[in-house]
Each structure stands twice: as structure tokens, then as C-alpha cells.
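Residues per chain are reported as follows:
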Amino acid sequence: SEDNTNTTCCDPLPSPHSRSDHNQDTDDDKKPPTQTSSEQKSFCVLALYKFVSRPFSTTELTQLQLEIDTLGRTRKARGTILLATEGINGTICYPSPEEEEEEDPLRHYFCHQQQERFGNVRTRLSYCSTQIFHRLKVKV
């Protein structure tokens, strides 16, 4: 099954390598199987959107497109990010950060590095076992 986390940027990021079993029930017959292997959560799926109060200029959109495309390709992300004067929307899938990494670089980019541009981006983080998209597209 898929592990979903609905967050804003200020919420802590759960580790894809930690157990997602929060039930304290002792009746194992009623529990669905939980994912405990990091192999089952080897990819992050990050969905995000934000409507901005100050419209992006054409120059800002072009710069954002280049930055996001470069970072996405560096992190082997696939999916689609749509940039418009009104804001940003998209879903990308990429290999889960290594356990040694303190923070997910892609989520950090959207939620912290670009705080001044985007404000509080709404995100939803899920995990899956395989890459779900074919290519990366960052469209203006």
C-alpha cells in the first residue's frame, strides 16, 4: 500500500525508512500489512501547489523553470511541474533521499529555499516502490 503524508512546508518530514505502523492494537488479524522495507518505499512522490498573491513575471517564470529542471534532473526526478503567473502546481517522483541525508533536497527547495517566492506551498508526500512517471517536464 502507499504511505501518504499531507503537509504544508512547516510540517516535519517523515522518513521513508521509518515504520508507518502507528496502531497499538494487539489484534494482528485486523491489521493490514504494513511496509517495513525501505525497498518498498524507494521513491518519493511529491505533489504540490500554490497560488501566489503577487503574480510571477515572465523573467521569474523562466528562471524558476531552469532552476527546477536542473534540480529535478540532478535528483533523477520525473513528473510534471506547471509554472504560471498565478503560481505552481505539479507532481514529481524521485528516488528517496538516503538515510544519511538530513532533509529531502527537492522538498527543501520548494518549502524552504523558495519561501520568499512561493510562501507556504501545499504538499502531499507519498512513497512507492517504482518510478511512476516517464520523464521530467517543467512547463511555463
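Residues numbered from 1 in each chain as written. Predicted model: local features only at pLDDT ≥ 70, side-chain atom pairs only at ≥ 80, totals over all residues. Heavy atoms only, no water.

What follows deals with the overall build of the protein chain. Helices and strands together make up the secondary structure of the protein chain, namely 3 helices and 6 strands. Ordered by position from the N terminus, the helices and strands of the protein chain form the series β-β-α-β-β-α-α-β-β. Buried positions account for 34% of the 140 residues belonging to the protein chain. A separation of at least 24 residues holds for 76% of the contacts in the protein chain among residues at least 6 apart in sequence. If you sum the accessible surface of the protein chain, you get close to 8600 Å²; carbon and sulfur atoms cover 47% of it. (Helix = DSSP H or I, 4+ residues; strand = E, 2+ residues; numbered from the N terminus. Buried < 20%, exposed > 50% of the residue type's maximum accessible area, 1.4 Å probe, protein only. Contact = heavy atoms within 4.5 Å. Areas by Shrake-Rupley, 256 points an atom, 1.4 Å probe, with all protein chains shown as cover.)

Residues Leu106, Arg107, Tyr109, Phe110 and Cys111 constitute the buried set of helix α2 (residues 105–113). End-on, the buried residues of α2 take up no more than an arc of 165°, which puts them together on one face. A distance of 3.0 Å separates the backbone nitrogen of Leu106 from a side-chain oxygen at the start of α2, and that oxygen is part of Asp104. (Arc of directions from axis to C-beta. Polar contact = N/O pair within 3.5 Å; in protein donor to acceptor, adjacent residues only side chain to side chain.)

Here the focus is the pairing of strand β2 (residues 43–51). Here 9 bridges tie β2 to strand β4 (residues 87–95), and the two strands are oriented antiparallel to one another. Directly across from Phe51, in β4, lies its bridge partner Gly87. Two elements, β2 and strand β5 (residues 122–128), share 7 bridges in a ladder whose sense is antiparallel. Looking across to β5, one finds that Cys44 is bridged to Tyr127. (Pairing = 2+ DSSP bridges.)

A separate point is the packing of helix α1 (residues 58–74) against α2. Each pair of packed helices can be summarised by the angle the axes make with each other and by the distance between the axes. Where α1 contacts α2, the axes come no closer than 10 Å and their chain directions differ by 160°. In this view, α1 runs roughly antiparallel relative to α2, as classed from their interaxial angle. As for how α1 packs across α2, the hand of that crossing is right-handed. Residue-level inspection shows Leu64, Glu67, Ile68, Leu71 and Gly72 of α1 in contact with α2, the latter providing Pro105, Leu106, Tyr109 and Phe110. (Axes fitted to C-alpha atoms, helices over the stretch in contact; angles between N-to-C directions. Parallel < 35°, antiparallel > 145°, perpendicular 65-115°, else oblique. Left-handed = near helix turned anticlockwise from the far one by under 90°.)

Here we take up α1. With 17 residues, α1 extends 24 Å from end C-alpha to end C-alpha; this agrees with the ideal 24 Å at 1.5 Å per step. Elements in contact with the buried residues of α1: β3 (78–84), β4, α2, α3 (115–118) and β6 (136–139). Where α1 ends, the next residue or the one after it, Lys76, has phi of about 60°, a positive value. (Expected span 1.5 Å × (residues − 1).)

On to the pattern of salt bridges, then. If you walk through the whole model with that rule in mind, you get 3 salt bridges. Here Glu67 makes a salt bridge to Arg117, at a shortest N to O gap of 3.1 Å. On the criterion of sequence distance, the pair formed by Glu67 in helix α1 and Arg117 in helix α3 is long-range, its members being 50 residues apart. Where Arg73 meets Asp69, a salt bridge forms, and the shortest distance between an N and an O atom there is 3.1 Å. With Arg73 and Asp69 both in helix α1 and 4 residues apart, the pair spans about one turn of that helix. Note on Asp69: relative accessible area 21%, which makes it partly exposed. (Salt bridge = Lys/Arg side-chain N within 4 Å of Asp/Glu carboxyl O.)

Here we come to the pairing of β3. The alternating pattern of β3 places Gly79, Ile81 and Leu83 on a buried face, while none of Arg78, Thr80, Leu82 and Ala84, on the opposite face, is buried. Relative to β4, β3 is paired through 7 bridges, and the arrangement is antiparallel. Within the sheet, the bridge partner assigned to Thr80 lies in β4 and is Thr91. Between β3 and β4, which pair antiparallel in sequence order, lie 2 residues. Judged from the 4 bridges that link them, β3 and β6 form a sheet pairing that is parallel. The residue bridging Ile81 from the neighbouring strand is Val138, located in β6.

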